[in-house]
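Residue-level structural notes
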Amino acid sequence: MLSPKKVKYRKKQKGRTKGKAFRGSTLEFGDYGLQALECGHMSAQQIESARIAVTRHLKRGGKIWIRVFPDKPVGKKPAETRMGKGKGTPDGWVAVVKPGKVLYELEGVTENMATEAFRLAGHKLPFATKFVSRRS
């Protein structure tokens, strides 16, 4: 799974997910992309499972770029714990995603293959996505 090698602080504040993505909202590397339509958090496991769905469909053809990285720690308190007593220990890593952010990019495959691969990957993610290409 993806995770940072080193962080300055062990825990981060939750923050609010609102607004649109201005950085990372255009295709930079490939010909086709998967773009987020809603705000949300993408866990390291979700990033990896969507990547696996794409590569399995393409049968190792083409080149894929992952444009998100999970750099925010999220905590979780143990089950059946009473309220209070501070924040839970860091449990995993998530990437903060805003609408318009390009999550994955592809090149070296046909448009039909890319559309189907990103459709399968979109089912693995916790928010709505859309297929984008250089032509559109």
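Keep in mind that what you see is a predicted model, and the values were worked out from it rather than measured. (Residues numbered from 1 in each chain as written. Predicted model: local features only at pLDDT ≥ 70, side-chain atom pairs only at ≥ 80, totals over all residues. Heavy atoms only, no water.)

Brief notes about the overall build of the protein
Each helix and strand in the protein was counted, giving 2 helices and 7 strands. Ordered by position in the sequence, the α and β elements of the protein form the string β-β-α-β-β-β-β-α-β. Taken along the three principal axes of its C-alpha coordinates, the protein extends 55 × 30 × 25 Å. Scored against the burial criterion, the 136 residues of the protein give a buried share of 35%. Residue pairs at least 24 apart in sequence account for 82% of intrachain contacts in the protein once pairs closer than 6 positions are excluded. When the accessible surface of the protein is split by element, carbon and sulfur atoms take 51% of a total near 9200 Å². (Helix = DSSP H or I, 4+ residues; strand = E, 2+ residues; numbered from the N terminus. Buried < 20%, exposed > 50% of the residue type's maximum accessible area, 1.4 Å probe, protein only. Contact = heavy atoms within 4.5 Å. Areas by Shrake-Rupley, 256 points an atom, 1.4 Å probe, with all protein chains shown as cover.)

Let's talk about helix α2 (residues 111-122)
What sets the pattern is the α-helix's 3.6 residues per turn: residues three or four places apart point alike. Over its 12 residues, α2 extends 16 Å from the first C-alpha to the last, a length consistent with the 16 Å expected when each residue adds 1.5 Å. Ala114, Ala117, Phe118, Ala121 and Gly122 are the residues of α2 that are buried. For α2, the angular spread of the buried residues around the axis is 135°, confining them to a single face. Buried positions along α2 lie against β1 (32-36), α1 (44-58), β6 (102-107) and β7 (129-133). (Expected span 1.5 Å × (residues − 1). Arc of directions from axis to C-beta.)

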